[in-house]
Amino acid sequence: MHAPKTFVRSIELWGDGGIVGVGEVIRIHVIFSDRVYCRGGLKLRLNTKSRAAYESGTGTKKLIFVLKTKLQDATKRLDWELNENSNTAFICETNSHSGSCSITNGKGEQVDLSLVDEDGQFRIPYPLSPEIEVSSTPPKIVSVHANPSHFGDCPSSMICEYTAGDIIVLNLKFDYEISIRGNPRIKVACYDGVNDYVYATFDSDLSNDTNAAFKYVVLPGHTTESLPLSYYYEEIDVLHNNDTSIKRKSTYPTVSANLLPPDPAFYPLKSETNILIVVDAIKVPSIRKLSFKNTTGIYSPGDRILLVVEFDKNVDVSGTPVLLLNVGRGKKGCAFYSSGSNTTELIFYYDVGLSHCTEKLEYDSKYSLVKSHNEQCTNGNGWIKRTSDTSIIDADLTLPTPGSRGSLSFDSSLLLDCSEPYISKIWSPESPGSFNAKQKVSILVQFSRSVVVHGSPMLLLETGTIDRWAVYKSKLNESTLEFEYVVRLGDKTDDLEYWTDEDLLRSSVPSFNLNGGSIMASSTNPVLEADIHINPSHGTLNGHNQPVHLNEGEAEFLGLKIGQRGNDYRLRFTFDQNPRVFQDETGVIMQQSCEYEVNGNEEDRNFDDGFGSAVALRNGLLAVSAPKKKVPKSEIQVVKVQSEASEKQLEVQIISTKVDLELSTRS
């Protein structure tokens, strides 16, 4: 039986089909019933009168034909076509280049290339599938949008302003895929100081098959003079360079694109979010005002104060600029930049120092905002520039004159108080009273200002033979501490008092013991230690200690008297001017004079002799109070004193007397 000849089973398009531009390379597969062997210039006739040439596949059941489309191949649907007066679309021609042409099977028999039968019916699927269109339509620009790389300075919801260093990308969208060669450019309507235009240049990295991206970098001096940014209504410039073109995309781009953009008079240039763009690379950011984020009030060492420097334009910050503050006593404080870059408000922080005292915190001068290294603040070099993609324009750092509108102190007042808290009063709310063993006595210690306590401070009390400690219990309020003393068996005193060293130089300083803890002025980060000095007990201040009213100058307090001797009295003078209380202090030593001369000699002096305080001296008579009393008593004694001296010396003498109370009572 004779085997059937090898024949064509199908002709198929290689790929997905669709629409391609002229210049595209198209491949067509021809499938046979058996392996075939092709020699010479076999071709496949197409309905565009072009011929697809054999490319590869000999020795297989599939031969591949290729067509490089030209303008004449533009068609709505590409397909194979029968040769005139023939039942096949294949052409096998012998020529000098490819030699003789043949297509045979493995037995050397000629392959049956007919595509229709005797009745004129197609023997293979028809038409060519999948469907493919070859188009010669030139791409055109359907829209233009400006896409800045950041949001910009937007004074309204419809307009954003950009400055030197900003990058604005013009995206030109085409209706067909395009292929761009070289460096086309588009003319942008923006004044550069010489011309009324600048160029946005092609950026391949930002482009894709249907979008051509043109990048415009704003330089110093560029401006649209308050008008929205636009482009010139003229074709994209491809003529400045012979190697530049924009064509419809294909394997071999052939069809040039229509390069005239939409008329901006009817289609204004906007961002994709419908924002108009204004370019102003002339304006320099300046400072509108300064303010505190903290509320008006009194601040202490260790407190942190936040300051706001507001600019009229967004600014970028590099490094650590500082704001130099006037913190009193000729000293300067350092407020360091903290945050706010790329906004109009920069935040600075300032930590109140130990010696920073001023009625009204303010910066030092209108040149106190420093961007470069400052030796006192030990900050590094930096800068403040107008915000842009690559910040270029330096901000004007001139501040409002201190105290004027826009300065720190104009709308708010922050007072820095570096005064040490000191003990202003010690008392017991349970006085008068009588207590027995195991009962608790509350003792209150009031400080001159708010304090914070760490640990368990103690206060030593005069309780008889054995002195006892009152231990810190709690804070009653911001400035008052409560100590607790537990009465023990054997404790005895008629007038409970804190302990005093009753040696020749009386002192109560050791009676307050921090016990490894601390008492500091209240702040967010306490650093100022309280003065826990206590004057010697019974040291009542008498005399002229009433307020003195004056506007300026010195105040004199005449006739002040301290009723007990002591080595380390401290007197504090305050000047109250709301909200600030100024204070000063002085040390006073109340000690004996000419003690040995009055007693005659040391051997004749009794060890337990006590001292009183002089209250009157008249006509050679000295009236002396009873020993160790704070106030004069009825047992006034008149003492005659004789002494010799080489020269006249004015002095107050403390005379020691002793009375045998038992003997005087019997007599």
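Remember, it's a predicted structure, so these values are computed and weren't measured experimentally. (Residues numbered from 1 in each chain as written. Predicted model: local features only at pLDDT ≥ 70, side-chain atom pairs only at ≥ 80, totals over all residues. Heavy atoms only, no water.)

Colleague: What's the story with the sheet that holds strand 14 (residues 185-189) in this structure? I'm lost.
Modeller: Working definition: the strands of a sheet are paired by backbone hydrogen bonds and lie parallel or antiparallel to each other. In spatial order, the strands read 10-12-16-15-14-17; together these 6 strands make up an open sheet with antiparallel pairing. Two strands in the sheet have a free side with no partner beyond their single neighbour: strand 10 (141-148) and strand 17 (230-231). For strand 12 (residues 167-174) and strand 16 (residues 211-217), the ladder comprises 7 bridges, and the chain directions are antiparallel. From the neighbouring strand, Ile168 faces strand 16, where its bridge partner is Tyr216. (Pairing = 2+ DSSP bridges. Helix = DSSP H or I, 4+ residues; strand = E, 2+ residues; numbered from the N terminus.)

Colleague: Honestly, the pattern of salt bridges in this entry has me stumped. Any pointers?
Modeller: Side-chain pairs of opposite charge can arise whenever the charged atoms involved come near each other. Taken as a whole, this structure holds 27 salt bridges when the rule is applied. The closest approach of N and O atoms between Arg77 and Glu131, which form a salt bridge, is 3.6 Å. Placement of the pair is Arg77 in the loop between strand 6 (60-68) and strand 7 (90-93) and Glu131 in the loop between strand 8 (102-105) and strand 9 (132-135), with a sequence separation of 54 residues. Here Lys385 and Asp394 are joined by a salt bridge, their closest N and O atoms 2.8 Å apart. One network of salt bridges, with partners in common, ties together Arg45, Lys49 and Glu81. (Salt bridge = Lys/Arg side-chain N within 4 Å of Asp/Glu carboxyl O.)

Colleague: Would you mind showing me how to read unusual backbone geometry here?
Modeller: Of the consecutive residues Ser129 and Pro130, the connecting peptide bond is found in the cis state with omega at -5°. Among the secondary structure elements, Pro130 is positioned in the loop between strand 8 and strand 9. Look at Arg329: it is not a glycine, yet its phi comes out positive at around 60°. Overall, the relative accessible area of 62% leaves Arg329 in the exposed class. For Asn342, which is not glycine, the phi dihedral falls at a positive 75°. Within the secondary structure layout, Asn342 lies in the loop between strand 24 (332-339) and strand 25 (343-351). (Buried < 20%, exposed > 50% of the residue type's maximum accessible area, 1.4 Å probe, protein only.)

Colleague: Even after reading the chapter, I still don't get the nonpolar core, so can you show me in this structure?
Modeller: It is characteristic of soluble globular proteins that their nonpolar side chains tend to be buried jointly. Ranked by size, the top nonpolar core spans 34 residues in total, and within it Ile168, Leu172, Phe174, Phe214, Tyr216, Leu229 and Ile236 carry the most contacts. Secondary structure elements with two or more residues in this core: strand 10, strand 11 (159-162), strand 12, strand 14, strand 15 (198-202), strand 16 and strand 19 (276-279). When residues in this core are grouped by element, the largest group, 4 residues, is from strand 12. With near-sequence residues (within four places) excluded, Phe174 lies in contact with Pro139, Lys140, Ile141, Val142, Thr210, Ala212, Ile236, Ile246, Ala257 and Asn258. One finds Ile11, Phe32, Leu78 and Leu113 within the second-largest nonpolar core, a separate group that totals 32 residues. (Core = buried A, V, L, I, M, F, W, Y, C linked by side-chain atoms within 4.5 Å. Contact = heavy atoms within 4.5 Å.)

Colleague: I keep staring at the side chain of Ser508 and nothing clicks. Help me out?
Modeller: Along the chain, Ser508 turns up in the loop between strand 36 (497-498) and strand 37 (512-513). A polar atom in the side chain of Ser508 sits 3.3 Å from the backbone oxygen of Trp499. At 2.6 Å, the side chain of Ser508 and the side chain of Thr500 are in polar contact. If sequence neighbours within four positions are ignored, Ser508 has contacts with Tyr498, Trp499, Thr500, Ile534, Asn535, Pro536 and Ser537. (Polar contact = N/O pair within 3.5 Å; in protein donor to acceptor, adjacent residues only side chain to side chain.)

Colleague: Could you clarify how one ought to interpret the packing of aromatic side chains in this entry?
Modeller: Two descriptors summarise a pair of aromatic rings, namely the distance from one centre to the other and the angle between the planes of the rings. According to the stated counting rule, one finds 12 aromatic pairs in the structure shown. Taking the centre distance of 4.9 Å and the plane angle of 75° together, the rings of Trp80 and Tyr126 count as edge-to-face. On the criterion of sequence distance, the pair formed by Trp80 in the loop between strand 6 and strand 7 and Tyr126 in the loop between strand 8 and strand 9 is long-range, its members being 46 residues apart. A relative accessible area of 2% means that Trp80 is categorised as buried. Chaining the aromatic ring pairs together yields one cluster made of Tyr54, Phe65 and Phe90. (Phe/Tyr/Trp six-rings, centres within 6.5 Å; stacked < 30°, edge-to-face > 60°.)

Colleague: Mind showing me how you'd approach the pairing of strand 31 (residues 440-447) here?
Modeller: Both faces of the sheet carry side chains from a regular strand, because those side chains alternate between them. Counting buried positions over the 8 residues of strand 31 gives 6, a clear majority of the element. Across 4 bridges, the pairing between strand 30 (residues 423-427) and strand 31 is antiparallel. Of the residues in strand 31, the one forming a bridge with Trp427 is Leu444. Pairing analysis gives 7 bridges linking strand 31 to strand 35 (residues 480-486), with the strands arranged antiparallel. Across the sheet, residue Lys440 finds its bridge partner in strand 35, namely Val486.

Colleague: Looking at this structure, I do not really get the environment of Ser511. What am I missing?
Modeller: Note on placement: Ser511 falls in the loop between strand 36 and strand 37. Residue Ser511 is classed as buried on the basis of its relative accessible area of 0%. Setting aside chain neighbours within four positions, we find Ser511 in contact with Met458, Leu459, Leu460, Trp469, Tyr498, Trp499 and Ile534. Of note is the side chain of Ser511, whose polar atom sits 2.6 Å from the backbone oxygen of Ser508.

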